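Structural overview for review
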Amino acid sequence: MFGAEILLRRWFYWVSREDLKEQPYPQTMFTFREMFASLAPFFTFREMFTSLAPFVTAAVVIVLSPFVKEHIPSAVSTYLVSMYEKWLSRFSTPQVTLVIEEKGDLKVRNQIYDAARAYLRTLISKSTKPKRFKVNKVGTQNESAIDIVENEDVIDISNGIRLNWKLYAVKEVGHVDVDRYFELSCDKGFENEVLESYLPDIVDRYERNQNDDKVVKLYTRDGSYGNSVGVDRDGDWNYVIFKHPITFEKLAMDPKQKEMLINDLDRFIGRKDLYKNVGKAWKRGYLLYGPPGTGKSSLIAAMANHLKFNIYDLNLSCRYSDEDLRSILLSTTNRSILVIEDIDCGAVLDDKRREFDSFTLSGLLNIIDGLWSSCGDERIIVFTTNHKDRLDPALLRPGRMDVHVHMSYCTIDGFKLLAANYLKILCDHQLYRQIEGLLKNVEVTPAKIAEQLLEGGGTDVVLQGVVKFLEQKEREKAEAAKLKERLKSAAIDVDAEGLVKFLKQKKLENAKAAEAEQLLSSVDTDVDVEELVKFLKQKKLEENPNES
Ligand SMILES: Nc1ncnc2c1ncn2[C@@H]1O[C@H](COP(=O)(O)OP(=O)(O)OP(=O)(O)O)[C@@H](O)[C@H]1O
């Protein structure tokens, strides 16, 4: 451009000088040879020619276009233009292009890709925007988020190097997976600087930002594996900004256990070198068990908020093959918590169901212990269950899950903490003693207590409500115990739980029978209802012989 600028200045000078107007322009001012010679110390011939090329092209187009249009067939002119471009490209600086794939050969996430994506988001938020970009705002966010779109050039200038980024997303026919990658182009000769300084800086910045003011994201996968590309997606996962307010301070659980857990997490995070030195994957597994409503999910949220780790919530009720599962797990990022809830709930399938193309427990454990943990850093995995006794022994084997955490029913300590959270009671209350006695006697989850504490009417009224609720529970417990005693004395060998289920089923059947009777009476048909129920059952069995 500098050469072109000098040329233009001289031309203006020539035009403005009346005395020079009579003389032909090049000879009077300078010859081209002289001009190139004067610029030679600063620029090579190629650079000067490159600077002038756009002007030459414009001039050629302007002068020749009417002639070309009139006399030369369009096919020939297109050919000539392409030849001209080819010839011109010999003088432009050659480019080099780096391809940065989202996932590597083993389908493991490429950290440079993630860092680049985050960097380009900030770049276009702060500086010149590309021609097309995405803007998105979800309810919980304060500001709109800007993001790059595919096939759009994003230009960055760093240390005088012009870098051209472009994101591509390719979906092969018959494949559910989308392959994403960046192409990063710069002038040839600068590639080493890009590799040795530009890209490492971007990755460094990305890692630092992960720790500072990091927002925690909750990743989920809706429906089946391989959903189409969407707006709020990172790789194979959908995400939302996770804004759960729970922290360890607000969590009602055994204080000693809580302290142990916080120390364990902090120690894990601080042991990067140790894990590296002993050659162990930097991962830790936690098994949370306890009845529903005791705070297992809340504990996971508190862990994520404490560590500022993203959460990947994997729902195993979806049918994944071992291969799908491997790919899904490998698309999770470092510094994250992988959560597999209700691991006992039929989602972990036995070998018989392999034929249905679903994963097996051993498949899952192999992935977790193998590639998943060794390809990443600071990985936490949490399994939850309501029934530890139903778990496959493979999961309980020593060394499999590093820490087992029992989430129990509400104790008086837990109650006081919840009362402080919900009612802001910071010291003792006269009803605490009574509540303590009741809590020792009945099993109530923190979730149920939290529900009671949300009732309105002032502190005293709410606590009296809690007392009434616990007394009611106590009465129910006494009645159930009495029933059990009577069954025992009548030598009826039924477990109480089974009996309750049986009675519920009976009640349901009676209700159905009553409904059928009402229906039949309205059509005036004389049929014995019990016979009819039997008949219908038989029919159903014939239609679905697999249903017992
Ligand atoms: N230990 C606890 N400390 C504070 N709040 C709790 C605790 N346990 C439960 N809660 C309250 O009850 C709600 C439900 O609890 P949560 O979902 O964490 O239980 P869970 O054990 O994960 O249940 P599930 O097994 O059904 O998933 C929470 O949102 C929270 O308000």
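Here, every reference points to the structure presented above.
Reference entry: report on the structure contained in this document. Because the structure is a prediction, the values reported are computed rather than measured. Along each chain, the written sequence defines residue order, and numbers are assigned to residues from 1. At least 70 in pLDDT is required for a residue's local features to be given in this predicted model, at least 80 for side-chain atom pairs to be given and counted, and no such filter applies to totals for whole chains, interfaces and linings, which use all residues. Side-chain metrics rest on all non-hydrogen atoms present in the structure, leaving aside hydrogens and water.

**Description of the site of the ligand**
- Near residues are defined by distance, with any heavy atom within 4 Å of the molecule or strand qualifying the residue. Taken together, 16 residues lie around the ligand, and Ala252, Gly293, Lys296, Ser297 and Ser298 are the ones closest in.
- As used in this structure description, the phrase polar contact means that two N or O atoms lie within 3.5 Å; if the pair is within protein, one of them must be able to donate a hydrogen and the other to accept it, and residues adjacent in sequence are counted only when both atoms belong to side chains. Threonine 294 has a polar backbone atom sitting 3.2 Å from an oxygen atom of the ligand.
- Between the ligand and lysine 296 there is a distance of 2.8 Å, counted from an oxygen atom to a side-chain nitrogen or oxygen.
- Shrake-Rupley sampling with a 1.4 Å probe provides the accessible areas, and residues are treated as covered by the protein chains on show and by no other component. If the ligand stood free it would expose 620 Å²; the protein chains cover 74% of that surface.
- Where the shell around the ligand is concerned, the elements lending two or more residues are helix H10 (296–307), helix H14 (412–423) and helix H16 (446–453).
- In this text, helices come from DSSP runs of H or I with a minimum length of four residues, and strands from runs of E with a minimum of two, each type numbered from the N-terminal end. By residue number, the principal contributor to the shell around the ligand is H10, which donates three residues.
- Residues belonging to the shell around the ligand are distributed by class as follows: eight nonpolar, six polar and two charged.
- The domain limits used here are those given by an automatic or database domain assignment. Among the domains, domain 3 (233–406) and domain 4 (412–489) are the pair contributing at least three residues each to the shell around the ligand. Under the convention adopted here, Pro, Cys and the residues Ala, Val, Leu, Ile, Met, Phe, Trp and Tyr are nonpolar, Asp, Glu, Lys and Arg are charged, and Gly plus all remaining residues are polar.

**Structural notes on the sheet that holds strand S5 (residues 161–171)**
- Should DSSP find at least two bridges between two strands, the strands are taken to pair. Sheet architecture is open: four strands sit in the order S1-S6-S5-S4, paired in antiparallel fashion. A single partner strand is all that each edge strand has here, and the edge strands are strand S1 (95–101) and strand S4 (154–158). Strand-to-strand, the axes of this sheet are offset by a mean angle of 25°, without reference to chain direction.
- Both S4 and S5 contribute to a ladder of five bridges, which runs antiparallel. Of the residues in S5, the one forming a bridge with valine 154 is tryptophan 165.
- This element, helix H6 (residues 111–126), spans S1, S4, S5 and strand S6 (178–187) of the sheet and lies at about 65° to S6. Only the stretch in contact is used when a helix axis is fitted, and all axes are lines through C-alpha atoms; the angle between N-to-C directions ranges over 0 to 180 degrees. Every residue pair with non-hydrogen atoms within 4.5 Å of one another is taken to be in contact.

**Quick notes on unusual backbone geometry**
- Positive phi outside glycine occurs at asparagine 159, with the angle close to 50°.
- For each residue, the accessible area found with a 1.4 Å probe, counting protein chains only, is set against the maximum for its type, and the residue is called buried under 20%, exposed over 50%, and partly exposed in between. A relative accessible area of 65% means that asparagine 159 is categorised as exposed.
- Unusually for a residue other than glycine, lysine 308 sits at a positive phi of about 60°.
- Relative to the assigned elements, lysine 308 resides in the loop between H10 and strand S11 (310–314).

**Some thoughts on the packing of H16 against helix H17 (residues 459–489)**
- The geometry of H16 relative to H17 is characterised by a closest axis approach of 9 Å and an angle of 140° between their N-to-C directions. By the criterion of interaxial angle, the relationship of H16 to H17 is oblique. Our pair here, H16 against H17, has a crossing hand that is right-handed. Mapping the contact onto sequence places Lys448, Ile449, Gln452 and Leu453 in H16 and Val462, Leu463, Gly465, Val466, Phe469 and Leu470 in H17.
- Looking at the contact of H16 with H17, its residues break down into seven nonpolar, two polar and one charged. Any angle between 65 and 115 degrees counts as roughly perpendicular, while under 35 counts as roughly parallel, over 145 as roughly antiparallel, and the rest as oblique. Definitions for this section: a left-handed crossing has its near helix turned counterclockwise from the far helix by less than a right angle. A right-handed crossing has that turn clockwise.

**Here we look at the pattern of salt bridges**
- Each reported salt bridge corresponds to a side-chain nitrogen of Lys or Arg within 4 Å of a carboxyl oxygen of Asp or Glu. Considering all chains together, one arrives at 11 salt bridges under this definition.
- With a shortest N-O distance of 3.2 Å, aspartate 147 and arginine 121 are connected by a salt bridge. Of this pair, aspartate 147 sits in strand S3 (residues 145–148) while arginine 121 is found in helix H6, placing the two residues 26 residues apart along the sequence. Across the pair, exposure class does not vary: aspartate 147 and arginine 121 are buried alike.

**Considerations on the packing of aromatic side chains**
- Stacked, tilted and edge-to-face pairs are distinguished by plane angle, under 30 degrees for stacked and over 60 for edge-to-face with tilted covering the rest, among Phe, Tyr and Trp rings (Trp via its six-membered ring) whose centres lie within 6.5 Å. Under the defined criterion, the tally for this structure stands at 12 aromatic pairs.
- Here the aromatic rings of phenylalanine 268 and tryptophan 282 are separated by 6.1 Å at their centres, their planes lie at 55°, and the arrangement is tilted. Residue phenylalanine 268 is located in helix H8 (residues 255–269), and its partner tryptophan 282 is located in the loop between helix H9 (272–277) and strand S10 (283–289); the two are separated by 14 residues in the primary sequence. Accessibility classification places phenylalanine 268 together with tryptophan 282 in one group, the buried group.
- On the basis of an interplanar angle of 85° and a centroid distance of 5.9 Å, the ring pair of phenylalanine 415 and tyrosine 432 is categorised as edge-to-face. Taken as a pair, phenylalanine 415 in helix H14 and tyrosine 432 in helix H15 (residues 432–441) lie far apart in primary sequence, 17 residues in all. Each member of the pair phenylalanine 415 and tyrosine 432 is classed as buried.
- Lying across the ring of tyrosine 239, lysine 217 places its NZ or CZ 4.5 Å from the centre.
- Over the ring of tryptophan 237 we find arginine 221; its NZ or CZ atom is 5.8 Å from the centre of that ring. For a ring to carry a charge above it, either NZ of a lysine or CZ of an arginine must fall within 6 Å of the ring centroid while also lying within 35 degrees of the normal to the ring plane.

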